[in-house]
Each structure stands twice: as structure tokens, then as C-alpha cells.
Amino acid sequence: MIKAILIFNNHGKPRLIRFYQYFHQAAQDTSYCKAEDMQQQIIRETFHLVSKRDDNVCNFLEGGSLIGGSDYKLIYRHYATLYFVFCVDSSESELGILDLIQVFVETLDKCFENVCELDLIFHMDKVHYILQEVVMGGMVLETNMNEIVAQVEVQNRMEKSEGGLSAAPARAVSAVKNMNLPEIPRNINIGDINIKVPSLSPF
Amino acid sequence: MALKIVKGSIDRMFDKNLQDLVRGIRNHKEDEAKYISTCIDEIKQELKQDNIAVKANAVCKLTYLQMLGYDVSWAAFNIVEVMSSSKFTYKRIGYLAASQCFHENTDVIMLTTNQIRKDLSSPNQYDTGVALTGLSCFVTPDLARDLANDIMTLMSHTKPYIRKKAVLIMYKVFLKYPESLRPAFPRLKEKLEDPDPGVQSAAVNVICELARRNPKNYLSLAPLFFKLMTSSTNNWVLIKIIKLFGALTPLEPRLGKKLIEPLTNLIHSTSAMSLLYECVNTVIAVLISLSSGMPNHSASIQLCVQKLRILIEDSDQNLKYLGLLAMSKILKTHPKSVQSHKDLILQCLDDKDESIRLRALDLLYGMVSKKNLMEIVKKLMIHVDKAEGTTYRDELLTKIIDICSQSNYQYITNFEWYISILVELTRLEGTRHGHLIASQMLDVAIRVKAIRVFAVAQMATLLDNAHLLTGNMQRNGICEVLYAAAWICGEFSEHLENPVQTLEAMLRPKVATLPGHIQAVYVQNAAKLFATILKNQEGNTDSTAAQETSQMMIDRLPLFVQSANLEVQERASCILQLVKYIQKLQQKDVEVAEEVSALFAGELNPVAPKAQKKVPVPEGLDLDAWINEPPSESESEDEQPKAIFTKEEPKHSRPRHTEVDEKELARRREARKQEQANNPFYIKASPSSQKVYQEAPGVEHIPVVQIDLSVPLKVPGLPMSDQYVKLEEERRQKERAEKKKKEKKKRKEKRSGRGKKHDSGPESEEDITPAHVVDIVTEEMPENALPSDDDDKDPNDPHKALDIDLDKPLADSEKLPVRSHRAAGAPKSSAEDGEAENATPQEPKKKSSKEKRDKKKDKERDRKRSKEEKKKKKHKHEEKEEDLLGGQAEEPVVQSEEMKEVEAQPTSTSAEVSDLDFWLSNAPVPSNTQEAATVAEAAPAPEAPAGTAADSEPEEPKDTETEESSSKHKKKKQKKEKEEKEKKKKKKHHHHHHHSDGGGEESVQNGTVEEEEPLPPMSNYCLLAENSYIKMMMEDADQVCDIQGNLQDGSQVVVSVIFENKSDSFLKSMEFNVLDSLNSKLQRPEGSGPHDGLTVPFQLPPGVSNEARFVFTVQSIVMPQKLKGTLTFIVKNEDSSTHEKLDFKLHFTCTSYLITTPCYSDAFAKLLESGDLKSSSVRLEGVNMPFHHLLARICFHHHFSVVERIDSCASMYSRSIQGHHVCLLVKTSGQTVSIDAKCDEPTLLGNVLDEIKQTFSQC
């Protein structure tokens, strides 16, 4: 089972979080802790663990104290500015999950056409929808990239045919809205952030 | 109005969407929190609007804020609203938000049940998919129970996309609702062989998750998985299966033998590292399971170790890590084969990657022996010095202690060395593990009696140099060690060389800076030391030394009396007074030493960690009972200040403690001893009967170890363990030399006999004897402790509930609850509902009333089922005489026809078990695995006749009939048969049927009409159409009114049709089509024309039946409707396939538009008084049935609920899907029933009454 999937950037800012288990209590003290706070703690701890590791060390990490237990493992990959971290238990194959991350990122790359951190920042919902076609309820649903992309596209088309969330008039107005902003925040000091997807040999 | 809309849409244009929100947050980096809080306010405004698009947008933004850590649970209800939108775009947003922030305690979840059910049965596969995905994240026990059957139906959906999601989510359903596992398992198993690889992989995934926790229940699937393993090419599936085998093989060693060959082949052939690695892992598991039985697998071990070595030597850090991980598994059973790679592992200790170093450390744990322990620890100590990060260093420290203390210090031959290692470890700066070192010191000093002298000496130096440890605030963690040091010096003070010096060290002013609990131990042990010193000095003629010691105590102790720590203060003042008293006696030249040391007499023995838990609770003791009634809260508040108050003036109350005279003390001691003798918790001084080790020698008999004084004991903080290593080596050499001498002698003696083979090469483990007799005292346990090994199990493990035997035949009581559309009017339950209704406000929310209705239905179903049961029994008795298969009559009738597998299982259970045996035993030599696989395939064949027999059996005509059923129309009887089957299909867990079996049967047979007489079974399923191939049964339409009434969705009617294959051929490509009328339309998926048929989402193997649901939209409900339809399907035989067609007519009665709605009598009275209702009445003659049967029939067939019942008069209520109220007043006298009815729609009322009349004319 996959317990959680976290994507955050080099500074620990979350870009996507997906918990498949309900973490709501701090491990050490018994005082009640809200799910959201717990999730943020887990993100911080995970970032702390992952960020201090060199790029040329192994991609596995014994679980942190919060996402507890010896049965858990953090399996992560670091692409450009983003960390993709999967927290899994012992029923998952370590190399298999590494490959799954690769499949996921390649799928993102296909769906967003040269995915970069900005895509994830502004389209968190879309990333979620893609992830939903890969992992469901903590279990691997599909590993075939073409199948995933096909399903995502059909659903996007459905959304389009319904007019989408923000239909045309709203988009026209967004230019007006932007006038109120001090600057058009299109390129905010993020340099070359394209996630370069290295071609890895299939596992 | 129009203006309002325009205004709304303009407002909307200025609403932020998700991108705007993100952009805004990025633009307000300095005051992000403030900006977000204004955004949340905006969102709250947006959520208040009626426009669902605005709401969806707001919910989408909330999902983003949730990720940033903002609590959005306040919007849970809005999320549900968005979920229930009919547009996919919004629905998807709603489900995403729900899956991110709903959890088991979210109370609005219970409102979603019907919405999710509706989405699950949606004709659009993506609606279903989104609902499944969402549900997988927030499924609760209630949802699981209510939706299990719907999800199970989806497992046979036509679209593989839905099938695989449905299969995966079943795992979550099992976890939350374990009762569903057994009924669902046959179908899950079926999916292992699904044509779609995705579905197959999902099924493997689920079964692997299940089997991982409770492997023994899945052993019978081994042949099937074996077949998959040898045939599948999907690495994902292979990995999962191989992992599963790893879990199964410990339970069945024969399985392991069978696996080795194909796994070895895979290891040699695969290029995928992940697969190779998992194969190696499973081979290791196999070898572990075989380790006792089969000696000849060294080749496989070698292969594994070799492959792992290659992995470890790989430049890829990931492979290196995994190689070490797998290596540690081999280590457990085959340590020798790993130990030869010690070089490699020690090399990994130097790796730059911490994960790898940690794994290598784990390996070291198993690689130590008596021989190499010192060497390995020495190496680790070097690493400790080099380590930079404190975490890694702490890890090293714990590992050193783990390695040394493992299995009761098995590998330590020289405890002086170990103590000095511990002392060295105290030099670590900033370690968190001070307490760990301390507890090791205590443990060793207590349990290894022979080491006490040495330990005490070391601890005394530690105490003397305590400033080194405490000098730096950063070293705080380590000062815990002083706790152990002080205690050891005090407890075993008789071994101290210079007790006065130690006492002086313990009473230094600096001690007052230590943490309180350590100071307390200092004070207490200073007293122990003092007692020892007195005892030593008593013999001397000169008493000044003793008096000086007393004076020192009196001088120094006041410092502790002033301590802020209560414990320290209490102990110090107690002891201070004692010492003062002793001093007085000393001045009078009274000998006090004896009495003072008696204060601390007795010896402490170690207690097993579980000892306390294992003390059996004495009979008659209720631990949960209150001893005193708990005080009320207000009282406890009053008490608190008192506790603070006593702290302020402790000195006044203290002195009287010391005024107790010696006699009193002695008396108390005696009493205490008595008490202790009877107290099972107290550790007695006398050696326990359970000591396994040799008689503990008295203190005076402890062999005094000669300590080589070349070891600089007095210099703390200097590595000295090395010296011990050298000493130990010398000692060993000496020993060896002696042994050789002895052997030589022996050899000389034996020379006349055969030649001695013993080689004097490297010493074996056993040759190394400990430096001195290590007297490890075993832990004590209470006398009557019960041996048990279930201590480690977690009672909260959700998987425990899934430990279910899957091979047992499915009992009737275990079937999944199916949504039932009938509601027999049980007066009691409706009254309950009425009350519940009363509690809720006047206008109850549609949803909640629906919930209640569901619950009520459940209850009623339970009741009905129990009646059903009796009925069945009776049938069975009759059949027995007629039945050709008399012997089987008991079983198959109970089984559902729908699931062939379930049915086949009872007859084949034993066969299957023996299959496994056969499969396993048939191939003792791994070389003929191929053959075995084919055998496995062929094996199910013998089951087939039994299965078909079971299938055909219910079709047998039933000639003998009961009185009642014979009076009925032939068709009706058939229907009843069917309906029984239907009922059986509804797998509902219920509790009543066991005790209702016996008595009920009689009451039916003698036909007496009693109040308790069970209702005859009823069903709304009626035969729709039938031909030689297929039988269609329709359930009288069932209504689902959209939960969100305000959404433009019209009234919907769901029709459940059961398709039953009566032929021996396979039926597929079934298409269901209905000619739409102006009023009623079949809902078709988007994009299909008005005349297109709907594909039935399953195929029917021979003898199988399945249920499909079709949704109709209805405009007007006042008139009954008839719709013509056709079912086309392909009949597939072995050689040919033909296209067939079956016409049918769907009859929507007005009754079918009524929803059972409970109504409270007050509301009912108001409704009647309002005068809006038109009335009508009908008289039924010749109704020959008890009144409660009559009511039940009306409730059941016509969806009414009983509002009130007085004798032979009852008021009933129902509501149509479009909100018409229908009220009935039913009166009976003799055989005449009169029904007065009122309704706000006269046409509807007329039709309903006609239908009621018809129902009763039929019987």
C-alpha cells in the first residue's frame, strides 16, 4: 500500500499532497492534532529528511517518525526543482515504486507538454486527476502510460464539452482582473524549471 | 429576475478561480496569511450562492488551501453539494475535495450514501470512476456496508476501466466491512483471470494485500497464482505474485520446494532488476521456511548470496541498499553464508549514504559471534568518533548496545570490556541516548553478579568526574548516566574501595544542578553509602572517622533539602533527620551500624518486562469497579489549591518521621516483610524458584576477578576498551594453549585407538569460554504467570478482522445487504421512525429521512429474512422425499444461484484442499513443474458435475405443495420460487434466523392465525419475460428521487432487472432497449440516440443470473405506464452462435412512484385537516387474512408506512416522488376492508386505489 504521495519543491513548498491514510495524531504526545496540522508536520519532516540527501545517494529512506513504523519507507525521486516522495509499506516493491514515479512524471510531461513546476503550481487539480488514474486508494491502478494519458484526455474532453469550470466569459475577464495586480506574475523568479525527464531503462 | 441573473454572472466573472488564487498568494509573500484569510472570506461568500459553478470554483480553491494546511472541514456540506452536481466537471471537483479532507469522523459523509450509489450506477463510466476514486479515500464502515453490493456488481462491469477500479476498492471495503469478504471473494477470484490485464493486476494487488496479513487463508489459491506466475509477462503482476508467495511459503514448505525451480529460472532469465530482486527475496523466504527440513539447498543460497553481492557491489546506490536489505534476511537463518561477506559489509559502513550505512549496521547485528564481537565493536567505535551528524552517531550508539546485549549478552565473553565500552560511550557529546547507556549499566551490574566489583569501581570514577559530563549544557542527555552510576555505587557499596571519597563526590554542591530525578537517586544512595561506611568503621576503636562522615552528611544535605524538586526535598529531609539522630547515638557511643544498614538490606532481582502483565487477576477482583465514587468536578477543583499549599511548609510536618523509635521501626519492618511475603508484586530477597541459572552464590562467594592494573581505571574519558581486547586475546591464547596441552594428553592416550580428526585450526564458537563464570540472573516472573505469546499483537490492527476462512461454504446469513425497495409496514419500526422524526425539526431534510428509511428497510429485511428462512426449511423437507439428489438437498438450496462459484465451493471445499495437497505433492521433484501446472488446470474438472448438479437442482419441479401454496395460482408459485432465490441472493447479515428456525416452522404448518404468525414472503420482483434461453424478472420500479431536489434533475425511476440464463449456452452482448414514450424515457449515455439500446454490463454463463439497473426519467406520474421493450443477445455454443431476441413489457404502476415516507401522527393529522386533499374510498370484500398481514401487504407492495394503528383500524401514509401526499385510513370488519383515502392528486389516488384493489383480488 502507498500511504502518502507528496510533491514539494526544493524549498519544501508543497505542490501536491495525497494521503491515503488518515494521520491525525502526533506520534509522541497523545494530544489531539488536526489532520491538516499533522499533514503539514509530515511534509516538513519528510522535506527535512529528503532535502539533505545528495543526488547521488540511494532513493530509499527509512520512514520518518511521524509517518511511523519500521514497515514504512520513503521512496523518492528528485527532478529539477521538485521532489516526488511516495511513502509506502513493505508490500510494495521498492524498485517498482521508483518506476511508478517515473511513469507518473512522464505522464505529467505528456499531459502538460514539457511539464515544469509552474504547471503543478497552477494546476494542482489537474495533477490530482492524473494521479487518480495512476494510484487509487493507495493501490497502483495503472502503470501503462498510454492508457493513463488516454483516460485523462477523455475526461478533459468531457469537461470541455460541459464548458469547463471557468467558461469563456470568465477567461475574457481575467485580463481585466490582471489590471488590478501590481505586476503580471507570469515569470516569477523561477528560472529554468522544466522537469527534465531522464529516460530510464524500464525496470 | 433577469437582471439578477445578469448581475450574478458579472459577479462571477470577478470571482477568483484557482489560478487567480495561486497567483494572488504568490504576490502576497509578506502577508500570505492575511491574504488567504480574506480569500477564505470570499470563498465563504461564494459558497452561499445558489450557482453551482460558483460553489464548485470555491471548493476547488479550498482544496488548494487544504494542501497549504488550512482546515476546510467547515465546508464539508458544500463539498457534498458539489459532489452531487450532475455535471462531471463539478462532480469531479467535489469528489477530489472530499477525498482530500473527508475522513471517518466527518459527519456529512452519511449524507453521501445515496449520491454515491447513484453515481456508481451512472451510465457514464467516468461518473462511476470518479465516485469510486473518491470513495476509496473516505470509505467508512457504514458506506462500505451500504455500498458493498453495488461495488460488487461493478466488478462485472463491461468497461475494464470500471472493473479495475471496483476490484481495487473492494480491498478498502473489506477493511471497513469485513463481513463482505466472504461473499465477494468468489468474484474477486474470478477477476484473477479477467481478460483485461489491468483488471487482473488489480485483483492480484488486492489479494496480495489481503494475503499479506492473513496468509493462511489464501494458501488454496497457490495453484492459481502459480499458473499466473508461469504465464504472466507483466512485471507488476509478477512482482506482486512473487511477493505473495514469499508470504505463503512459510506456511507450506512443500510450496517452497515447488517454487525454487521457476524462481531460479526467473533469476537467471530476467533483465528487470526489480523482478530479480523480488525473486531473490522470495527464494530467501523459501530457504528460511525450508531451513529445518532440507539441507541440500546450499546451491540456492549461494546463488542468492552471489546475486546480492553483485547488487551490493553495483554502483547504483539503490541496488546496493536493496542488496543489503535482502542480505539481512538471509542472515537470520544462514548467518554463515553472509558472514563470509563481512568485508563487503564493513566497507558499506564507510559509504557516504546514510541509508546504506544503516542497512550495513543492521547486518552487523547478525554477524557478530563471540569471536568477532570485540573487533566489530572496535570498528564501530571508530565510526562513532568519525560520525558527524548526531542522528547517525546515535544510531551507531544504539546499534553497539543492541549488538552487545542481543540474546541476553550471548556474545559477550568479557563484561569488563563491555562496561568500559559503555563508559567510553558516555563521552559522546549531545547524544540523546544517555538513558539507554544508563539502563545498560544498571542491567549489567544487576544481572552479572561477578562484574559488580568492577562496575562499582568504574561508576565511582564516573561520579568523581561527573563535572566532565555535566560541564556543558549541550551534554545534558548524557547526565542520565550519573543516575545509573549513583545507584550502582549505592546499591553495591560494599565493593567500593574508597566509599568516603565516593560519598563526598555524591554530595558536592555541583550535584544540585543535575535534573531532579538524578539528584533524588544521589541522595538516596548517599544514605546507602553512609550505612556501608558506618558498618566498615564500626569495628575501629576510633569513632572519630564515623562521626566525621556523619558530620559531612549533616553539612551537605541541607543543600538538597532546599531543592525545588519535591522528591529530592523529601528524601533529603528524611535522611538528614535520620543522620542527625544517628549522630546523637554516636556521641553516646551506641553502635548503630547494624540498624542503619538494615534499612537497606535485601537484594534486588531483575524482573521480566512482562511480569506485571502476567500476574493473573485474583478471583473476585474487579479492576474496573470504582473503589470510591468519583468526586464531582467541582470538588476536584477545590482540592487543587491544597496540594500547592502543603508544598510551602513541608518542614513542619517532616520531623515526626524520624522520631519513630527503633522498636517501632523493627515492628514495621516485620509487618512489611509479612506483607511482602504475601504480595506477588514484590521481588523477594530469597532466590526465586524460577531461576534457571545455577545457584546464585552469596555476596561473599563472588569470584573476585583479578583486574590487570595495567588498565588505567582511574582516567576516565580515555579509551581503554582496547586494552581489554588485547587482554582477552591473550587470555584466549592461553586457554587455547592449555587446551592443546590437554588434547595432546588425550591424543597420547587415544593414540592406540583411531586417529584424532580434531584440527587445532581456528577456534570454533564453543571453544571460547567467558573470562569468568558469567552469572546472568534470569528475570523473575510471578509464580502463576500464564505462558502466552499473544503479547505483541496489536488489538487495533484492522486486518485482524479480515482473518476469515474463505474456503468455508458461504452461509446464508453472510450475504451482502442489497438495497431493497420494499418496506413491509412493521408497526413497531414505523413508530420508532416517527419518534426519530419528532426529534428532528418539522421539515426534515430529504436526505436524513432517506437515511432513516434505509435503516428501517434493513431492519425489516432482517425480519423478513428470518421468516423466509422458515419457509425454506419447510420446502426443503418436502423436497427431500422427491429429490433425486436427496443427499445434497440441504446445501445447494441455500446457495445463491447467481454465483456459481459460491455454489461450487461447498461441494468442492474438501476437493480443493486435497487439490492443493495433490498439486503440492505431485511434484516432489521440481523438474516436472510444467506437468504439475497442467494438473492444476485440470484439477477443477471433477468439481464441474457437482456444480451443475447443484445448479440444476432448484429447477426441479416441486410437486408437493403446502396448503397455502397449492391454493395459489401456478404462476404465482413460480414467482415465489424465484423470489426466494432473489432473497437468497440478497446477502444480508442478520442475527435472527438462528433462533427463529425451530418454532416458526410449526406455526406455519398448523396454519393457526396468531398475532405472531410470520408474514408470508413477499417480493416485488415479477416475471418480465421468459423464453427457452433467458428469463427476465423485473422489480416493480423503484424510485430514486434526486437527493438534491433543487437541481434540475427530473424524477427518476430505477428498474432492476434480473437476467437468468436458463440454457446451457453462454449469453453475451445483451442489449436492453425500450421504446420511449412521451412520458417516460430510458436514460441513455451521452451521445447515443433515442433508439439505441443499452448494453447490459455483464455476460451470463450457463445457469447464472445477474442483476442490472436501468434508469428512466418520468414526466407525469399520475397514470400508470406501459413500455414496450426488447432484449437482444447472442447465444454462444461451442460451435455456433445465434442472435436471439426477447420482447417484454415494462409496467410502471402508480404505486411505483410512491416512496415509503414515515410520517408522524401529528403531521398526519395536520395534513388531513389542511383541506387540500381530495378524498376517495374503496371497499374490498372477502379479504381473508389477518389485519397485520393486510397492512404489511399494503406497505410492501404499495410503499406505504403505518402512521398509527388502533385495533382493526390503521392510518397509513406515503408520498410520491413529485411530492404528492397519499393518506389512507384502513378499517376492517370481518372479511370486509374499507379504505378511505385522501390525496392532493385525484387521478393518482384513483390509480393507486385500483392497484391496491388488484393486489388483494389476486390472493
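Residues numbered from 1 in each chain as written. Chains lettered and ligands numbered in written order. Predicted model: local features only at pLDDT ≥ 70, side-chain atom pairs only at ≥ 80, totals over all residues. Heavy atoms only, no water.

Tallying secondary structure elements over chain A gives 6 helices and 7 strands in all. Ordered by position from N to C terminus, the α and β elements of chain A give β-β-α-β-β-β-α-α-α-β-β-α-α. Looking at chain A as a whole, 59% of its 203 residues qualify as buried. Nonlocal contacts in chain A, meaning residues at least 24 apart in sequence, comprise 54% of its contacts between residues at least 6 apart. Of the accessible surface of chain A, which amounts to about 8,500 Å², a share of 50% is contributed by carbon and sulfur atoms. (Helix = DSSP H or I, 4+ residues; strand = E, 2+ residues; numbered from the N terminus. Buried < 20%, exposed > 50% of the residue type's maximum accessible area, 1.4 Å probe, protein only. Contact = heavy atoms within 4.5 Å. Areas by Shrake-Rupley, 256 points an atom, 1.4 Å probe, with all protein chains shown as cover.)

With 78 residues of chain B at the interface, the matching set in chain A holds 74 residues. Summed over both sides, the interface between chain B and chain A buries roughly 7,100 Å², with carbon and sulfur atoms accounting for 56% of that surface. Our count for the contact surface shared by chain B and chain A stands at 8 salt bridges. Its salt-bridge partner being E142(A), residue K164(B) comes within 2.5 Å of it at the nearest N-O pair. At the junction of chain B and chain A, the tally comes to 35 residue pairs in polar contact (both at pLDDT 80 or more). Broken down by class, the residue content of the side of chain B that touches chain A amounts to 35 nonpolar, 21 polar and 22 charged. (Buried area = accessible area lost by both parts, 1.4 Å probe. Salt bridge = Lys/Arg side-chain N within 4 Å of Asp/Glu carboxyl O. Polar contact = N/O pair within 3.5 Å; in protein donor to acceptor, adjacent residues only side chain to side chain. Nonpolar A, V, L, I, M, F, W, Y, C, P; charged D, E, K, R; others polar.)

Moving on: the environment of T1232(B). All names here are of chain B. Examined against the element boundaries, T1232 turns out to sit in strand β16 (residues 1232–1239). Sequence separation between T1232 and E1181 is 51 residues; the distance between their C-alpha atoms is 4.7 Å. In contact with T1232, not counting residues within four places along its chain, are R1179, L1180, E1181 and K1227.

Residue and element names in this part refer to chain A. Evaluation of the coordinates by the stated rule reveals 39 salt bridges over all chains. A salt bridge links D89 to K3; the shortest N-O distance between them is 3.9 Å. A residue pair is termed long-range when its members are at least 10 positions apart, and D89 in the loop between β5 (82–88) and α2 (94–112) and K3 in strand β1 (residues 2–9) qualify at 86 residues. A relative accessible area of 2% places D89 in the buried class.

A few words on the packing of helix α50 (residues 1187–1198) of chain B against helix α51 (residues 1242–1258) of chain B. Residue and element names in this part refer to chain B. Where α50 contacts α51, the axes come no closer than 11 Å and their chain directions differ by 125 degrees. Here α50 is positioned oblique relative to α51, judged by the angle of their axes. Read as a crossing pair, α50 and α51 show a hand that is right-handed. Between α50 and α51, the residues in contact are L1190, R1193, I1194, H1197 and H1198 and E1251, I1252, T1255 and F1256, respectively. Per-class residue counts for the contact of α50 with α51 are 4 nonpolar, 3 polar and 2 charged. (Axes fitted to C-alpha atoms, helices over the stretch in contact; angles between N-to-C directions. Parallel < 35°, antiparallel > 145°, perpendicular 65-115°, else oblique. Left-handed = near helix turned anticlockwise from the far one by under 90°.)

Residue and element names in this part refer to chain B. Looking at the element boundaries, T549 is found in helix α31 (residues 544–556). A polar contact is formed between the side chain of T549 and the backbone oxygen of A545, at a distance of 2.8 Å. If sequence neighbours within four positions are ignored, T549 has contacts with L503, F530, I533 and Q537.

Moving on: the pairing of β1(A). All names here are of chain A. Counting buried positions along β1 yields 8 of 8 residues, so the element is predominantly enclosed. Here 5 bridges tie β1 to strand β2 (residues 14–19), and the two strands are oriented antiparallel to one another. If you follow L6 over to β2, its bridge partner there is I17. Linking two consecutive strands that pair antiparallel, namely β1 and β2, is a turn of 4 residues; a positive phi of about 85 degrees is found at G12 within it. (Pairing = 2+ DSSP bridges.)

Each aromatic ring pair is characterised by the separation of its centres together with the angle its planes make. All told, the structure shown has 14 aromatic pairs over all chains when counted by the stated rule. Where Y126(B) meets Y161(B), the ring centres are 5.2 Å apart and the plane angle is 55 degrees; that geometry is what we call tilted. Linking Y126(B) in helix α8 (residues 125–138) with Y161(B) in helix α10 (residues 160–176), this pair joins segments that are 35 residues apart in sequence. Given a relative accessible area of 4%, Y161(B) falls into the buried group. Seen from their ring centres, Y409(B) and Y418(B) are 6.0 Å apart, and the 55 degrees between their planes marks the pair as tilted. Members of the aromatic cluster, each reached through a chain of ring pairs, are F8(A), F47(A), Y76(A) and Y83(A). The residue whose ring lies beneath R92(B) is Y129(A), and the NZ or CZ to ring-centre distance is 3.8 Å. (Phe/Tyr/Trp six-rings, centres within 6.5 Å; stacked < 30°, edge-to-face > 60°. Lys NZ or Arg CZ within 6 Å of the ring centre and 35° of its normal.)

In this section: a negative patch on the surface. Residues D589(B), E591(B), E594(B) and E595(B) make up a contiguous surface patch of negative charge. On the secondary structure map, E594(B) appears in helix α34 (residues 593–598). (Patch = residues over 30% accessible without salt bridge, like charges linked within 9 Å, V, L, I, M, F, W, Y side chains within 5 Å. Lys, Arg positive; Asp, Glu negative; His and termini not counted. Charge placed at Lys NZ, Arg CZ, Asp CG, Glu CD.)

Residues and elements named next belong to chain A. Within the open sheet, the 5 strands sit side by side as β2-β1-β5-β4-β3. Their pairing is antiparallel. A strand with exactly one partner marks an edge of an open sheet, and here the two such strands are β2 and β3 (60–62). Averaged over all pairs of adjacent strands, the angle between strand axes in this sheet comes to 20 degrees, irrespective of strand direction. Pairing of β1 with β5 involves 7 bridges; the strand directions are antiparallel. Bridge pairing in β5 places I2 opposite V88.

Residues and elements named next belong to chain A. The phi dihedral of E113 is positive, around 55 degrees, even though this residue is not glycine. With a relative accessible area of 64%, E113 lands in the exposed category. At N114, a residue that is not glycine, the phi angle is positive and equals roughly 60 degrees. Following the sequence through the fold, N114 ends up in the loop between α2 and α3 (117–122). For N114, a relative accessible area of 51% puts it in the exposed group.

Detail in the predicted coordinates should be disregarded across regions flagged by low pLDDT. Residues and elements named next belong to chain B. Of all residues in chain B, 66% attain a pLDDT of 70 or more, and the chain-wide mean is 72. Note on residues 789–793: pLDDT is under 50 here. Beyond four places in sequence and across chains, it has 4 contacts. Taken together, the stretch residues 1036–1050 has pLDDT below 50 and engages in 49 contacts with residues farther than four places along the chain or on a different chain. For this predicted complex, the interface confidence comes out at an ipTM of 0.87, alongside a pTM of 0.56. (pLDDT = per-residue confidence, 0-100.)

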